[in-house]
Amino acid sequence: MHEALSAAEPAARQRQVVAALAQVLPASCILHRPEETLAYECDGLTAYRQVPLVVVLPETEEQVAAVLRTCHALGVPVVARGAGTGLSGGALPHAMGVTLSLAKFDALVKVNPLARIAVVQCGVRNLAISEAAAPHGLYYAPDPSSQIACTIGGNVAENSGGVHCLKYGLTLHNVLRVRGFTAQGDAIDFGSEALDAAGLDLLPLIVGSEGMLAVIVEVTVKLLPRPPLARCVMASFASVEAAGAAVAAVIAGGIIPAGLELMDKRMTAAAEDFVHAGYDLEAAAILLCESDGTPEEVAEQVERAIDVLRANGATQIEISRDEQQRLKFWSGRKNAFPASGRMSPDYMCMDSTIPRKRLAEMLRAIEDMEAKYALRCVNVFHAGDGNLHPLILFDANDPAELHRCELFGAEILEASIRMGGTITGEHGVGVEKLNSMCVQFSTAELAHMAAVKRAFDPAGLLNPGKVIPSLQRCAEYGRMHVRGGRLAFPELPRF
């Protein structure tokens, strides 16, 4: 059946799939006309686009299971999708597959202030969890910049972080239990609301698995008491090297801020123009260093942090005088991406991680790459944990610029590897970083990853073509070479 289906014309395949799905879903939950499916052609990485064969919007868990069973029987690929805010193409549709939208799974099942947990469906927005917990003096700590829109299911899929992950951890550290369905439509649980779960500890496996192993429908998260006080220190530096060195010095001094973020001059200017946060526009780079806790804890840590920042070349320091100004400082950082969108028709946001001590070295390397590829790049980092978010500015309508942007991004990722880092911190691999996986990992390591994928999804139907590159792809990518001082890559596939 699989061979006959794969050889069919797209229109015939679509009719077959729609007819099968109509047996398990109301007609209103199935989209297949071009004007209906076009809206699902990409996620936050708009450089790659693909209209799906069919989109389904189930309303119950039983319908999700039925969709998966139907697609498995037909051999049809399935790509799960939340809010579509991902930045690595993780929700890019399959041309001959079903996009499984979980947008209707937006119920807050329960908030238990005594156990300090919340049980939520996968389509609940990140920020909505904290809003629901606020009357109990609690909140959900991971706070990606897209938290007003991104969903908890997507956060689990990508192991998202945020500006406060330095102190409070990534999604993995704040999730207790994940419930979902396998590619075959069977219910599966990871973790537990208790301190331990029976059997193998597979929760760390599903968190960050990018929709490759199961379709998530419900998540149990930890809630934390909201700190009684928070203060943000904004420090200016005359060079990005000094700012990078200050980051390393803060951590080396035994200070663990709630957040420690770096923005270069161009990013600072763009953010200031967008939200008027009160940033120092003369500085080559600024650091936002936040402390939270009791008033005594905050006062002591802020004093220590200021001493370290001044000792490492801070030219100007301002402390948030109240909660309104603290939020204003952070509004610029959290709106860095939309602010960049005003500077260029398109941008590609990279996401790698390096040792903190090499931040200044990476920033210098990125400056050299700007000249090399004739493209601008603005930088905003989760500096405290070495997670970089360089935003390469380009025009996707110019194929040459798009290609140079891809080369620029690949070189940033490979530089991160050479510096002892990784190709992703929180945005995932998706389709964007498939080639870079060939550089980060050996053939044997990639084979082990593929074996884990097969253990959950033997037919390879969940989010195929993502995260784990084929050996053939790696062989082609390995043929890159240097010509006249410029990297030359095989043409990167469009998906």
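In this text the structure is predicted, and so the values were computed from the model without any measurement.

Peer 1: When you look at the overall build of the protein in this model, what are you seeing that I'm missing?
Peer 2: Along the backbone of the protein there are 18 helices and 21 strands. For 495 residues, the compact-globule estimate of 2.2 N^0.38 gives 23 Å, and the C-alpha radius of gyration of the protein, at 23 Å, lies within 12% of that figure. Along the first, second and third principal axes, the C-alpha set of the protein runs to 70 × 65 × 40 Å. Pairs at least 24 residues apart make up 72% of the contacts formed inside the protein by residues separated by at least 6 positions. Element-wise, carbon and sulfur atoms account for 55% of the exposed surface of the protein, whose accessible area totals about 19800 Å².

Peer 1: What should I look at first to understand the pattern of salt bridges in this one?
Peer 2: Two side chains that carry opposite charge are able to pair once their charged atoms sit near each other. In total, this model carries 21 salt bridges according to the counting rule given. With a closest N to O distance of 3.9 Å, Arg364 and Glu241 form a salt bridge. One end of the pair, Arg364, is in helix H14 (residues 359–373); the other, Glu241, is in helix H9 (residues 240–252), with 123 residues separating them in the sequence. Overall, the relative accessible area of 28% leaves Glu241 in the partly exposed class. Put simply, Asp273 and Arg342 hold a salt bridge, and the shortest N to O gap is 3.5 Å. Of this pair, Asp273 sits in helix H10 (residues 265–275) while Arg342 sits in the loop between helix H13 (336–341) and strand E16 (346–349), and the two are 69 residues apart along the sequence.

Peer 1: Could you clarify how one ought to interpret helix H2 (residues 10–21) in this entry?
Peer 2: An α-helix turns once per 3.6 residues; consequently, residues spaced three or four apart project the same way. Its twelve residues place the ends of H2 16 Å apart at the C-alpha level, agreeing with the 16 Å of an ideal helix rising 1.5 Å per residue. Three or more residues of H2 are buried, namely Arg13, Val17, Val18 and Leu21. Looking straight down H2, one finds that the buried residues subtend no more than 130° of arc, so they occupy a single side.

Peer 1: Would you mind going over the sheet that holds strand E2 (residues 54–56) with me for this structure?
Peer 2: The sheet built from four strands is open, its strands ordered E1-E2-E4-E3 with mixed pairing. Bordering the open sheet on either side are strand E1 (30–31) and strand E3 (78–81), each of which pairs with just one other strand. Of the strand pairs in this sheet, E3 and strand E4 (residues 98–101) are connected by four bridges, and their pairing is parallel. Counted as the bridge partner of Val78 is Val98 from E4. Of the strands in this sheet, E1, E2 and E4 are in contact with H2, which crosses E2 at around 15°. Helix-sheet contacts for helix H4 (residues 61–74) involve E2, E3 and E4, and the interaxial angle to E4 is about 170°.

Peer 1: For this particular structure, what's the right way to read the pairing of strand E8 (residues 175–181)?
Peer 2: Across a regular strand the side chains alternate sides, sitting on one face of the sheet and then on the other. Counted residue by residue, E8 has seven buried out of seven residues, so it is predominantly covered. With six bridges joining them, E8 and strand E10 (residues 215–222) adopt antiparallel strand pairing. The residue bridging Phe181 from the neighbouring strand is Val215, located in E10. As paired elements, E8 and strand E9 (residues 187–191) share five bridges and run antiparallel to each other. Its bridge partner being in E9, Gly180 is matched across the sheet by Ile188. Hairpin connection, E8 to E9: the antiparallel pair is bridged by five residues, and Gly185 has positive phi, about 90°.

Peer 1: Please explain the packing of aromatic side chains as it appears in this structure.
Peer 2: The relation between two aromatic rings is expressed through the spacing of the ring centres and the mutual angle of the planes. For the structure on display, the rule yields four aromatic pairs. A ring pair is formed by Tyr373 and Phe408, whose centres lie 5.5 Å apart and whose planes are at 25°; its orientation type is stacked. With Tyr373 in helix H14 and Phe408 in helix H15 (residues 399–418), this residue pair connects regions lying 35 residues apart in the sequence. Classification of Phe408 by relative accessible area gives buried; the value is 0%.

Peer 1: Would you mind showing me how to read the environment of Pro345 here?
Peer 2: Here Pro345 is to be found in the loop between H13 and E16. For Pro345, a relative accessible area of 60% translates into the label exposed. Taking C-alpha positions, Pro345 is 7.7 Å from Leu393, a pair spaced 48 residues apart along the chain. Not counting residues within four places of it along the chain, the set of residues in contact with Pro345 comprises Phe394 and Asp395.

Peer 1: Sorry, what's going on with helix H11 (residues 295–311) here?
Peer 2: Here H11 spans 24 Å end to end across 17 residues, near enough to the 24 Å set by a 1.5 Å rise per residue. Within H11, burial applies to Val298, Gln301, Val302, Ala305, Ile306, Val308 and Leu309. Projected down its long axis, H11 carries its buried residues within an arc of 165°, all on one side. Facing away from the buried surface of H11 by more than 90 degrees, the exposed residues are Glu296, Glu303, Arg310 and Ala311. Contacts made by the buried residues of H11 are with strand E12 (229–237), H9, strand E14 (285–293) and strand E15 (314–319). After H11 finishes, the residue Gly313 shows a positive phi value of roughly 100°.

Criteria and cut-off values
Residues numbered from 1 in each chain as written. Predicted model: local features only at pLDDT ≥ 70, side-chain atom pairs only at ≥ 80, totals over all residues. Heavy atoms only, no water. Helix = DSSP H or I, 4+ residues; strand = E, 2+ residues; numbered from the N terminus. Rg over C-alpha atoms; globule rule 2.2 N^0.38 Å. Contact = heavy atoms within 4.5 Å. Areas by Shrake-Rupley, 256 points an atom, 1.4 Å probe, with all protein chains shown as cover. Salt bridge = Lys/Arg side-chain N within 4 Å of Asp/Glu carboxyl O. Buried < 20%, exposed > 50% of the residue type's maximum accessible area, 1.4 Å probe, protein only. Expected span 1.5 Å × (residues − 1). Arc of directions from axis to C-beta. Pairing = 2+ DSSP bridges. Axes fitted to C-alpha atoms, helices over the stretch in contact; angles between N-to-C directions. Phe/Tyr/Trp six-rings, centres within 6.5 Å; stacked < 30°, edge-to-face > 60°.

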